[in-house]
Amino acid sequence: MAARRGPTYLRVMLGKELRALREGVPGRTAEGVSTALGFSRSKISRVEAGDIPLPKLADLEKLMDYYEVADPDDRAELLKMQRDSLSKEPFTSYRNLLPSGLPMYLGLEREAIRVRGYENNVVHGLLQEESYAKALGMSAKVVEERTTEFVEQGVRMRMGRKELISSGGTEVHIVLTESTLRTLVGSSEVMRAQYAEIIRLNELDNVEVQIIPEDLPTYRAAFNFTVLEFVDLAPVVQSDSAKATTMWSKRSDVGQYQRQFDAMVKTAPGPNQTPQILHALEKKLWT
């Protein structure tokens, strides 16, 4: 599958290339770059990590000169990557709604070839039905001092993210705990609609949803997380709270979360049993 290349993805790719160039020239340290070119040490580190863009093409020209990139084609490719990385993401208009770290995650989520998520609190965002998402937002409205418009914008953004699923270009595998699905959000009608949406999505060729029953004596991760996998980039892991989104890219950290996910997938009932589990819960709880 060919890699998709949105602005965030390209920014991370450019940072990866610049770090490789620096490490490929003897004696070129981040501190040395900072001193030689007048960039702050923090700026170099954050650009290489893909946290921030390199807004000036002239800065990239300076870096390529310093790293002794002479081939015209190599320079042209890096410059194109730089220009394209400065384009706006589709969710830019929602930036004021997003906790710290989430814009970068959303940009990478759109480019992933595989999304593997675990939730033990609420239904994973990529599976949420619109009325469920709105009920979640409205329940926190007063406590978090949000307006109705703020909540509705957040719901629209979340529904836009679900295009990732409907496009069929990304494999999505989500594991939920039964307790998540037993927690009343909104009303019985909302819960029935949410169950129906999970069943519908689970029927898509690129989606698998598994549910860990409450009475199954098996491993459950303590916190929610999502693993994103790509063609040209190493996998990253995301976990979020109301105030911030944390991402990990270190191989040992990512490997730990991948092992947790694989352990839960191995012992939970398969996706083919998900409709049966949901129908039983609906009959018991919401009818």
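As a reminder, the structure under discussion sits directly above these lines.
What you see is a predicted model; the values in this text were computed from it and never measured. (Residues numbered from 1 in each chain as written. Predicted model: local features only at pLDDT ≥ 70, side-chain atom pairs only at ≥ 80, totals over all residues. Heavy atoms only, no water.)

### Some words on the overall build of the chain
Here's step 1: Across its full length, the chain carries 13 helices and 6 strands.
Here's step 2: For the chain, the spread of C-alpha atoms along the three principal axes comes to 70 × 40 × 30 Å.
Here's step 3: Considering the chain as a whole, with its 287 residues, one finds that 46% of them fall into the buried category.
Here's step 4: Put simply, the chain shows about 14500 Å² of open surface, and 51% of that area lies on carbon and sulfur atoms.
Here's step 5: If the 38 positive side-chain charges of the chain are averaged to one point and the 40 negative ones to another, these points end up 3 Å apart. (Helix = DSSP H or I, 4+ residues; strand = E, 2+ residues; numbered from the N terminus. Buried < 20%, exposed > 50% of the residue type's maximum accessible area, 1.4 Å probe, protein only. Areas by Shrake-Rupley, 256 points an atom, 1.4 Å probe, with all protein chains shown as cover. Lys, Arg positive; Asp, Glu negative; His and termini not counted. Charge placed at Lys NZ, Arg CZ, Asp CG, Glu CD.)

### Section: the sheet that holds strand β2 (residues 171-177)
Here's step 1: Here we have 6 strands laid out as an open sheet, ordered β3-β2-β1-β4-β5-β6, and mixed in their pairing. Strands at the two margins of the open sheet, each flanked by one partner only, are β3 (207-212) and β6 (245-248). The average angle at which neighbouring strand axes cross in this sheet is 15°, direction not considered.
Here's step 2: Pairing analysis gives 6 bridges linking β2 to β3, with the strands arranged parallel. (Pairing = 2+ DSSP bridges. Axes fitted to C-alpha atoms, helices over the stretch in contact; angles between N-to-C directions.)

### A closer look at a negative patch on the surface
Here's step 1: Taken together, E17, D71, D73, D74 and E77 make up a surface patch of like negative charges.
Here's step 2: Mapped onto the fold, E77 is located in helix α5 (residues 72-85).
Here's step 3: For E77, a relative accessible area of 53% puts it in the exposed group. (Patch = residues over 30% accessible without salt bridge, like charges linked within 9 Å, V, L, I, M, F, W, Y side chains within 5 Å. Salt bridge = Lys/Arg side-chain N within 4 Å of Asp/Glu carboxyl O.)

### Section: the side chain of T274
Here's step 1: Position of T274 among the secondary structure elements: in helix α13 (residues 274-285).
Here's step 2: Polar contacts involving the side chain of T274 include one to the main-chain carbonyl oxygen of V209, which spans 2.5 Å.
Here's step 3: When neighbours within four sequence positions are excluded, T274 is seen to be in contact with I198, N202, V209, Q210 and I211. (Polar contact = N/O pair within 3.5 Å; in protein donor to acceptor, adjacent residues only side chain to side chain. Contact = heavy atoms within 4.5 Å.)

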